[in-house]
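Listed below are the residues making up each chain.
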Amino acid sequence: MAQAPIISFKDVNKIYNNGTVGLKDISFDIPRGQFLVVVGLSGAGKSTLLRTINRMHEITSGEITIEEESINDYKGQSLRLLRRKIGMIFQGFNLINRSSVERNVLSGRVSYYPTWKTICGLFTKADREMAVRSLQRVNLADKLYTRADELSGGQQQRVAIARTLMQDPKIILADEPVASLDPLTTATVMDTLQRLNREDGITVIVNLHSVALARKYADRIIGLRAGQLVYDQPIESVTEDDLTKIYAEGAEA
Ligand SMILES: Nc1ncnc2c1ncn2[C@@H]1O[C@H](COP(=O)(O)OP(=O)(O)OP(=O)(O)O)[C@@H](O)[C@H]1O
Ligand SMILES: [Mg+2]
């Protein structure tokens with residue numbers, strides 16, 4: 001029997017308060033362990049789509065299920081548990097610049113602690129060891145005590161990835177994780193995401209502007225335009241022509 005999808009969108013619509021359509025009639029499934037890349041022009045709805053998955057954005061209608069459970073009505077504890085199993089990576093890394101790499105990575109563990117313990121910086125030995133292991137996974141074990149702002153952009157992004165590993169995530173959402181990086185550091189970040197996908201089975205969903213990167217890393221590419229899903233193909237079937245069309249303003253998909 002085929003495994004149930006880890007994430008499922010059913011007729012999802014998102015209209016922002018000011019009337020802007022963020023997502024329109026989105027229905028699709030994401031199998032567990034997939035490396036999914038989302039492409040589309042600026043304003044197409046890529047970030048909106050990603051952020052509905054961990055409920056950073058609320059949908060207007062439809063349903064999103066994760067591990068066969070609707071997340072629509074999650075609140076309190078169920079929402080916290082949802083966000084614990086979903087790691088999020090941003091274009092701007094979102095590190096605490098003046099703190100050490102260790103401290104930044106440990107902060108990824110806060111969803112497992114009561115607030116007062118994290119405020120006091122009381123992390124267990126087991127978690128400190130986990131921080132070291134997480135940094136090893138992103139090839140940065142030697143930077144444990146370095147200040148975050150003394151690292152290169154690519155290294156900072158990998159610290160951000162190590163931080164999400166502290167959640168023990170089943171899903172990683174990455175919103176243009178390499179948009180501000182040069183090609184060489186871009187490769188180290190994308191390779192890291194690929195390794196976590198392949199070796200740890202983490203489902204990875206990445207928004208990318210670069211068609212070349214999408215083709216290199218994706219198992220499957222979906223395309224958005226004006227909030228609609230206009231393209232959905234496994235990587236074997238993706239052609240350069242398809243991708244050009246997604247980016248061609250006003251063209252039909
Ligand atoms: N908070 C908001 N309030 C109102 N409209 C919004 C809000 N956030 C996004 N939008 C609008 O929703 C649409 C989709 O935006 P979104 O940020 O998801 O696009 P995107 O594909 O991620 O674009 P980019 O490639 O520039 O990051 C756009 O028209 C945008 O202006
Ligand atoms: Mg965006």
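Look above for the structure.
Residues numbered from 1 in each chain as written. Chains lettered and ligands numbered in written order. Predicted model: local features only at pLDDT ≥ 70, side-chain atom pairs only at ≥ 80, totals over all residues. Heavy atoms only, no water.

Caption draft 1: Spotlight on the pattern of salt bridges. Here the structure, examined in full by the defined rule, presents 14 salt bridges. A salt bridge links arginine 51 to aspartate 175, with the nearest nitrogen and oxygen atoms 3.6 Å apart. Taken together, the positions of arginine 51 in helix α1 (residues 46-53) and aspartate 175 in strand β7 (residues 171-175) put the pair 124 residues apart, joining distant regions of the chain. With relative accessibility at 7%, the residue aspartate 175 sits in the buried group. Here the salt bridges share partners, and the residues they tie into one network are Arg32, Glu67, Lys85 and Lys170. (Salt bridge = Lys/Arg side-chain N within 4 Å of Asp/Glu carboxyl O. Helix = DSSP H or I, 4+ residues; strand = E, 2+ residues; numbered from the N terminus. Buried < 20%, exposed > 50% of the residue type's maximum accessible area, 1.4 Å probe, protein only.)

Caption draft 2: Inspection of the site of ligand 1 at higher detail. Near ligand 1 you find 13 residues, and of these Ser42, Gly43, Lys46, Ser47 and Thr48 are the closest. One nitrogen or oxygen atom from the side chain of serine 42 is found 2.6 Å from an oxygen atom belonging to ligand 1. In this structure, an oxygen atom belonging to ligand 1 sits 2.5 Å away from a side-chain N or O atom of threonine 48. Here ligand 1 has 640 Å² of accessible area as a free molecule, and 63% of this is covered by the chains. For the shell around ligand 1, a count of residues per class yields 3 nonpolar, 8 polar and 2 charged. (Near = heavy atom within 4 Å. Polar contact = N/O pair within 3.5 Å; in protein donor to acceptor, adjacent residues only side chain to side chain. Areas by Shrake-Rupley, 256 points an atom, 1.4 Å probe, with all protein chains shown as cover. Nonpolar A, V, L, I, M, F, W, Y, C, P; charged D, E, K, R; others polar.)

Caption draft 3: Summary view of the layout of surface pockets. Quantified by volume, the largest pocket comes out at close to 420 Å³. Around the largest pocket sit 16 residues that line it, and Arg83, Gly108, Val110, Ser111 and Gln167 are the ones nearest its centre. Of all the secondary-structure elements, those providing two or more residues to the lining of the largest pocket are α2 (77-84), β6 (86-90) and α6 (153-165). Of all the elements, α2 adds the most residues to the lining of the largest pocket, at 5 residues. Size it by volume and the second largest pocket reaches roughly 170 Å³. (1 Å grid on protein atoms, 1.4 Å probe; cavity = no way out; pocket = protein on both sides within 12 Å on 5 of 7 lines; lining within 4 Å. Points joined across faces, edges and corners; volume = space filled by probe spheres on them.)

Caption draft 4: Representation of the sheet that holds strand β5 (residues 69-70) within the structure. Sheet architecture is open: 4 strands sit in the order β2-β1-β4-β5, paired in antiparallel fashion. Unpaired on one side and paired on the other, β2 (21-30) and β5 mark the two borders of the sheet. Pairing of strand β1 (residues 7-15) with strand β4 (residues 61-66) involves 5 bridges; the strand directions are antiparallel. Among the inter-strand pairings, serine 8 is bridged to a residue of β4, identified as threonine 65. (Pairing = 2+ DSSP bridges.)

Caption draft 5: Looking closely at unusual backbone geometry. A positive phi is found at aspartate 11, a non-glycine position, where the angle reads about 50 degrees. Following the sequence through the fold, aspartate 11 ends up in strand β1. Here the phi dihedral of alanine 226 falls at roughly 50 degrees; this positive angle occurs in a residue that is not glycine. If you trace the backbone, alanine 226 turns up in the loop between β9 (220-225) and β10 (228-234). On the accessibility criterion, alanine 226 (54% relative accessible area) is exposed.

Caption draft 6: Looking closely at the environment of methionine 130. Secondary-structure assignment places methionine 130 in helix α5 (residues 125-137). Separated by 60 residues in sequence, methionine 130 and methionine 190 place their C-alpha atoms 22 Å apart. The residues contacting methionine 130, other than those within four sequence positions of it, are Arg109, Leu165 and Met166. (Contact = heavy atoms within 4.5 Å.)

Caption draft 7: Just the environment of arginine 133, in detail. Relative to the helices and strands, arginine 133 is located in helix α5. Arginine 133 gets classed as partly exposed once you look at its relative accessible area, which sits at 47%. Sequence separation between arginine 133 and glutamine 91 is 42 residues; the distance between their C-alpha atoms is 24 Å.

Function cannot be inferred from these measures alone, as they are strictly geometric.
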